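Survey of secondary and tertiary structure
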Amino acid sequence: DSGVTQTPKHLITATGQRVTLRCSPRSGDLSVYWYQQSLDQGLQFLIQYYNGEERAKGNILERFSAQQFPDLHSELNLSSLELGDSALYFCASSVETDTQYFGPGTRLTVL
Amino acid sequence: QQQVKQSPQSLIVQKGGISIINCAYENTAFDYFPWYQQFPGKGPALLIAIRPDVSEKKEGRFTISFNKSAKQFSLHIMDSQPGDSATYFCAASSRTDKLIFGTGTRLQVFP
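First things first, this report covers the structure right here in the doc. (Residues numbered from 1 in each chain as written. Chains lettered and ligands numbered in written order. Predicted model: local features only at pLDDT ≥ 70, side-chain atom pairs only at ≥ 80, totals over all residues. Heavy atoms only, no water.)

Section: the pairing of strand S8 (residues 74–78) of chain A
Both faces of the sheet carry side chains from a regular strand, because those side chains alternate between them. Residue and element names in this part refer to chain A. Which entries qualify depends on this criterion: Summary of the burial criterion: residues with accessible area below 20% of their type's maximum are buried, those above 50% are exposed, and those between are partly exposed, where the area comes from a 1.4 Å probe applied to protein chains only. Secondary structure follows DSSP: runs of H or I at least 4 residues long count as helices, runs of E at least 2 residues long count as strands, and numbering of each begins at the N terminus. The pairing criterion for strands is at least two bridges between them, as found by DSSP.
Here S8 lies mainly inside the structure; 5 of its 5 residues are buried. Residues Ser74, Leu76 and Leu78 point to one face of S8 and Glu75 and Asn77 to the other, with burial holding for every one of them. Relative to S8, strand S7 (residues 64–68) runs antiparallel, the two being bridged by 5 bridges. Each residue of the ladder has a partner; that of Gln67, found in S8, is Glu75. The antiparallel hairpin formed by S7 and S8 contains 5 residues in its connecting segment, where Leu72 sits at a positive phi of about 80°.

Comments concerning the environment of Tyr49 of chain A
All names here are of chain A. Condition: By definition, residues are in contact when any of their heavy atoms lie within 4.5 Å. Any pair of nitrogen or oxygen atoms within 3.5 Å is treated as a polar contact; in protein, a donor-acceptor pairing is required on top of that, and neighbouring residues in sequence qualify only through side-chain atoms on both sides.
Positionally, Tyr49 belongs in strand S5 (residues 44–50). On the basis of relative accessibility, which here comes to 9%, the residue Tyr49 falls in the buried class. Between the alpha carbons of Tyr49 and Trp34 there is a distance of 8.9 Å; along the sequence they are 15 residues apart. Non-local contacts of Tyr49, meaning those with residues more than four positions away in its chain, are made with Leu30, Ser31, Val32, Glu54, Arg55, Ala66, Gln67 and Gln68. Separated by 2.6 Å, the side chain of Tyr49 and the backbone oxygen of Ala66 make a polar contact.

Concerning the pattern of salt bridges
Using the following cut-off: Each reported salt bridge corresponds to a side-chain nitrogen of Lys or Arg within 4 Å of a carboxyl oxygen of Asp or Glu.
Taken as a whole and assessed by the stated rule, the structure comprises 8 salt bridges over all chains. The salt bridge partner of Asp85 of chain A is Arg63 of chain A, with a shortest N-O separation of 2.8 Å. In this pair, Asp85 of chain A is assigned in the loop between S8 and strand S9 (87–94) and Arg63 of chain A in the loop between strand S6 (53–57) and S7, connecting sequence segments 22 residues apart. Each member of the pair, Asp85 of chain A as well as Arg63 of chain A, is classed as buried. Lys71 of chain B is paired through a salt bridge with Glu26 of chain B; the nearest N and O atoms lie 3.7 Å apart. Separated by 45 residues along the polypeptide, Lys71 of chain B in the loop between strand S7 (62–67) and strand S8 (72–77) and Glu26 of chain B in the loop between strand S3 (19–25) and strand S4 (33–38) bring together distant segments of the chain. By relative accessible area, Glu26 of chain B is classed as partly exposed at 49%.

Quick word on the state of the cysteines
Residue and element names in this part refer to chain A. Test applied: Here, two cysteine sulfur atoms that lie within 2.5 Å of each other are counted as a disulfide.
Counted by the stated rule, this structure contains 2 disulfides over all chains. Each sulfur in the disulfide pair Cys23 and Cys91 lies 1.8 Å from the other. Torsion about the S-S bond of the Cys23 and Cys91 cystine: about -45°, corresponding to left-handed handedness. A residue pair is termed long-range when its members are at least 10 positions apart, and Cys23 in strand S3 (residues 19–24) and Cys91 in strand S9 qualify at 68 residues. Under the relative-accessibility criterion, Cys23 is labelled buried at 0%.

Comments concerning the interface of chain B and chain A
Counted only if it meets this: We define buried area as the total accessible area lost by two parts upon association, computed with a 1.4 Å probe and summed across both.
Contact with chain B, which involves 20 residues of that partner, is made by 19 residues of chain A. Roughly 1,400 Å² is buried in total at the junction of chain B and chain A, and carbon and sulfur atoms are behind 59% of that figure. Of all residues in chain B, Pro44, Lys98 and Phe101 of chain B bury the most surface against chain A, accounting for 36% of the area lost on that side. The tally of links between chain B and chain A comes to 1 salt bridge. Arg51 of chain B is paired through a salt bridge with Asp98 of chain A; the nearest N and O atoms lie 3.3 Å apart. The interface formed by chain B and chain A holds 4 residue pairs in polar contact (both at pLDDT 80 or more) in total. Those elements that provide at least two residues to the side of chain B that touches chain A are S4, strand S9 (86–94) and strand S10 (97–101) of chain B. Considering each element in turn, the side of chain B that touches chain A owes the most residues, 4 residues, to S10 of chain B.

Spelled out as structure tokens, the structure:
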């Protein structure tokens, strides 16, 4: 157990819908990262937050947005969902720039 | 310059054999090199990590070899077991920038 929690575990929704994925980092970790992993693919970095502020942005679509709250938990919002958005979404947290600890992921299925 | 190139993409090894996965980087500011192991449907988990002040680090059957001048590092899995079958990601970071992940290597160990 990495100490990073993600909810929900599974999410099934329809095209055009909007969903919110939630992540709670390890205690003491200020950075939260979001990754997308499609079937048998690598880790696509989406976005990083550090202590509530956006720190780095990767290949995140305009339909996607994220935020980190004062209690350091983070949410990833995905809107106008398309079939191609079906993937595993991972949250990771870290103290500084080194080891990232990954959560168990949320499996999103868009029908 | 921020890329970490990983090879091979997939690897098939017989039980008891040695699995070798290689990574190369360009950014000389990188000073932390972890390897992550990911089982299907699970989040990546830290396996072993090295900093450039040493050329080799061993933990059980897993060894990282680091060549600073060549800007390369590799993961060796000795006496590979079917339970080692997973996807392995190398990564690198600096003091000022987050981890950059390689594209992953899918390892299959056959009995």
